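Listed below, chain by chain, are the residues.
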Amino acid sequence: MADAIRVLAMDAVEKAKSGHPGMPMGMADAATVLFTKFLKYDAADPRWADRDRFVLSAGHGSMLLYSLLHLTGHAGMEMEVLQRFRQLHSPAAGHPEFGEHPAIETTTGPLGQGVCNAVGMALAERMLAARFGKSLVDHRTWAICSDGDLQEGISHEALALAGHLGLSKLTLLWDDNHISIDGDTALSFSEDVLKRFQAYGWAVKRVDGHDHAQLTAAMAAATRSSKPTIIACRTIIGFAAPKKAGTAGSHGAPLGGDEIAAAKSALGWNAEPFTVPEGLKARWEEAGRRSAGTRRSWLKRLAKHPMRADFERAMAGKLPDNWNEALTALRAQHAAEKPKIATRVASQRALGALVPAIPEMVGGSADLTGSNNTDVKGIPAVRPGDFAGRYIHWGVREHGMASAMNGMALHGGVIPYSGTFLVFADYLRPALRLAALMHQRVIHVLTHDSIGLGEDGPTHQPVETLASLRAIPNLHVFRPADAMETAECWDMAVRRADGPSVLALSRQNLPALRDDAGENRCARGAYVLAEAEGARDVTLIATGSEVSLAIEARAQLAEAGIKAAVVSMPCWELFALQDVGYQEQVLGTAPRIGIEAALSFGWDRWLGANSAFVGMTGFGASAPADQLYAHFGITPAAVVAAARKLLS
Ligand SMILES: Cc1ncc(C[n+]2csc(CCOP(=O)(O)OP(=O)(O)O)c2C)c(N)n1
Ligand SMILES: [Mg+2]
């Protein structure tokens, strides 16, 4: 059965003239044992909510996954699909892509991400089991990872946390083949990996990765362990290829006709390319139906379960009825009270309205809870062995946090949000990029969003970060100006089911600019906050903390006889989606001035030819915030001067 995986991997890579045969050939035995004896899945319903999750973290070995899905009888992974491996519109893409086939649990390829997605999936499983009970939620998470996955720093972050929390239903099958692209892993990889995992609090096993009895015993032990388990599967990359087995030469290139012929003959495989003998295919398909009965019993339990409606709603990613009722009330309160608070504090108030109303929301912070204001009164934290809480102390692990959050969102049934400083978005960016690529609803609360944070200085003051986040496709970057806008942006982020959002929030207090609580004005990305008194001479476009500065500048301009409109633009991406008529009405035809305490990179998009920008031109400095605004020339006076120059 394992040989069927090997030959399909060789054939598909050969036909595509590119791909990675070595890893599928080396891990074919471990994967066969997993898919025929342990993994709970039903090929007839790959989205069954209580299935075990399987993550191929070493995504370059994608033919391993596609072969398994084909052999076990998954619709949509027929032999013709394998024959179009790596071709345009083929679900069998170069690396596994979430959304290309319902049995692909996550997009992998950037090493390290998959194992951390798996941590998030295992965590989501425990949390949902705590909420809905074992009769609905009782599954395991399995991941296959490579040397590269375990070398990547991100793996240290999330796998340590998995040990700390005691995610005992998580199992890693490590393809311990001693080979990576540059050659023998001894070139750069000599720590005792299993000791490392023991130190994390994991159970560890070492097996011959080609010995089915050893593999079976180790996986059985993993299912009984009270700790997460790593199984080091000592394998030979490119197993059965006479010349290239055990070498980096089998990692990422077609083996070539002669080598393939010799490998097949060594395996005693006589079938034509892309054909699997019927008897063998039948045994594989039987494995694909192994848990069909378990699924039917589960469906019966679900049908009469008192929490059925809630469970189905949560797993479908639908928000509860009236989910934003309390938030609407909060907006009315903001309109009446006009609080002068930091947007990070306004965010905490929004969370106080949202989190109790949406049981799927799970918060957390990378050790900055008190600064990010991401906790909500009365919502307990998850603790080792206790998953009834809804808040996660991730530790100082931004990258692992964001990747695990992707896994939680992919698992379904939870809506994760996090916190860290905006400047540390760079520490989690690769995972955020994948959330955008996979269209996952994860929300990052990124506070301390400019020089406005003051004394901590340039290491902590983002200047290029907003631009770099706006460059990620399908990411919504919100930078609200006051408490009202913060509530509106939270509404948009939670409602957004098809992609991630970040909220860039101020450390410093900001005046309230709005006293209307009707329509969500942030929903269109930008709007005219204050129209000019008469025909516009100039349009001031600002975001976040600089919107109030623009309002002051508008008043000073009025004294000088210059009529200015102020546009608040909390979300570029939403504004870009509006019809041209609305965009033109907001932006106007007068000269424009962009105002943001960040670099101007990207602002040309909204400013046009006859324009100016008031913001940063380089890194910040350490000083009280108001002094920094003056020092860097981000002031109403600077806006007035820029306007005069533009109009002269
Ligand atoms: C973050 C990241 N860096 C680099 C790569 C490019 N890359 C793909 S596989 C690989 C290493 C291969 O070694 P290993 O992980 O042991 O896989 P094996 O060759 O054993 O299948 C590298 C560097 C990647 N996919 N992701
Ligand atoms: Mg390797």
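Cut-offs and rules
Residues numbered from 1 in each chain as written. Chains lettered and ligands numbered in written order. Predicted model: local features only at pLDDT ≥ 70, side-chain atom pairs only at ≥ 80, totals over all residues. Heavy atoms only, no water. Core = buried A, V, L, I, M, F, W, Y, C linked by side-chain atoms within 4.5 Å. Buried < 20%, exposed > 50% of the residue type's maximum accessible area, 1.4 Å probe, protein only. Helix = DSSP H or I, 4+ residues; strand = E, 2+ residues; numbered from the N terminus. Contact = heavy atoms within 4.5 Å. Near = heavy atom within 4 Å. Polar contact = N/O pair within 3.5 Å; in protein donor to acceptor, adjacent residues only side chain to side chain. Areas by Shrake-Rupley, 256 points an atom, 1.4 Å probe, with all protein chains shown as cover. Nonpolar A, V, L, I, M, F, W, Y, C, P; charged D, E, K, R; others polar. Pairing = 2+ DSSP bridges. Axes fitted to C-alpha atoms, helices over the stretch in contact; angles between N-to-C directions. Phe/Tyr/Trp six-rings, centres within 6.5 Å; stacked < 30°, edge-to-face > 60°.

Visitor: What's the story with the nonpolar core in this structure? I'm lost.
Guide: As a rule of thumb, soluble globular proteins bury nonpolar side chains together. Within the largest apolar cluster, 76 residues are counted, with the highest numbers of intra-cluster contacts made by L123, L150, L172 and L469. The greatest single-element share of this core, amounting to 12 residues, is contributed by helix 5 (residues 113-132). Not counting the four nearest positions on each side in its chain, L469 is found in contact with L422, A425, R429, L432, L446, L475, V477 and V502. Listed in part, the 62 residues of the second largest apolar core include A16, A30, A218 and A241.

Visitor: Before we go on, may I ask you to explain the site of ligand 1 in this structure?
Guide: Around ligand 1 lies a shell of 15 residues, among which H60, S146, G148, N177 and H251 are the nearest. One nitrogen or oxygen atom from the main chain of G109 is found 2.8 Å from a nitrogen atom belonging to ligand 1. One nitrogen or oxygen atom from the side chain of D147 is found 3.0 Å from an oxygen atom belonging to ligand 1. In isolation ligand 1 has 580 Å² of accessible area, and contact with the protein removes 73% of it. If you list the elements that add at least two residues to the shell around ligand 1, you get helix 6 (147-151) and strand 4 (179-180). When its residues are assigned to classes, the shell around ligand 1 shows 6 nonpolar, 7 polar and 2 charged.

Visitor: I keep staring at the sheet that holds strand 16 (residues 527-530) and nothing clicks. Help me out?
Guide: Sheet strands pair via backbone hydrogen bonds, and the direction of the pair is either parallel or antiparallel. The sheet built from 5 strands is open, its strands ordered 16-18-17-19-20 with mixed pairing. Pairing within the sheet leaves two strands with one partner each, and these edge strands are strand 16 and strand 20 (611-615). Strand-to-strand, the axes of this sheet are offset by a mean angle of 30°, without reference to chain direction. Pairing of strand 16 with strand 18 (residues 564-568), which is carried by 3 bridges, proceeds in the antiparallel orientation.

Visitor: It is not clear to me how the pairing of strand 19 (residues 592-596) should be interpreted in this structure. Could you clarify?
Guide: Note on strand geometry: in a regular strand, side chains alternate between the two faces of the sheet. Most of strand 19 is tucked away: 5 of the 5 residues are buried. Here strand 19 shows no split at all, with R592, G594 and E596 on one side and I593 and I595 on the other all buried. Across 4 bridges, strand 17 (residues 538-542) lies against strand 19 in parallel orientation. Bridge pairing links A542 to I595 in strand 19. Sheet analysis places strand 19 next to strand 20, joined by 5 bridges and oriented parallel. Following the sheet pairing, R592 is matched in strand 20 by S611.

Visitor: Just checking my understanding: could you explain the packing of aromatic side chains for this structure?
Guide: Aromatic ring pairs are described here by two measures, namely the spacing of the ring centres and the angle between the planes. Using the criterion set out here, one finds 17 aromatic pairs in the structure. Taking 5.1 Å as the distance between ring centres and 85° as the angle between the ring planes, the aromatic pair formed by F35 and F54 counts as edge-to-face. Within this pair, whereas F35 is found in helix 2 (residues 22-38), its partner F54 is found in strand 1 (residues 53-56), the two being separated by 19 residues in sequence. For F35, a relative accessible area of 3% corresponds to the buried category. Geometrically, the ring pair formed by F132 and F311 is edge-to-face, given 5.1 Å between the ring centres and 85° between the ring planes. Note that F132 is positioned in helix 5 and F311 in helix 13 (residues 308-315), a separation of 179 residues in sequence. We classify F132 as buried; its relative accessible area is 3%. F311 sits in the buried class, given a relative accessible area of 3%.

Visitor: Would you mind going over unusual backbone geometry with me for this structure?
Guide: Note on backbone geometry: most residues besides glycine have negative phi, and most peptide bonds are trans. Even without glycine at this site, H178 takes up a positive phi of about 65°. With respect to the element layout, H178 can be found in the loop between strand 3 (170-176) and strand 4. Backbone geometry at H448 places phi at a positive 60°, although glycine is not the residue there. Assignment of secondary structure puts H448 in the loop between strand 12 (443-447) and helix 19 (465-470).

Honestly, it's all geometry; don't read function into it.
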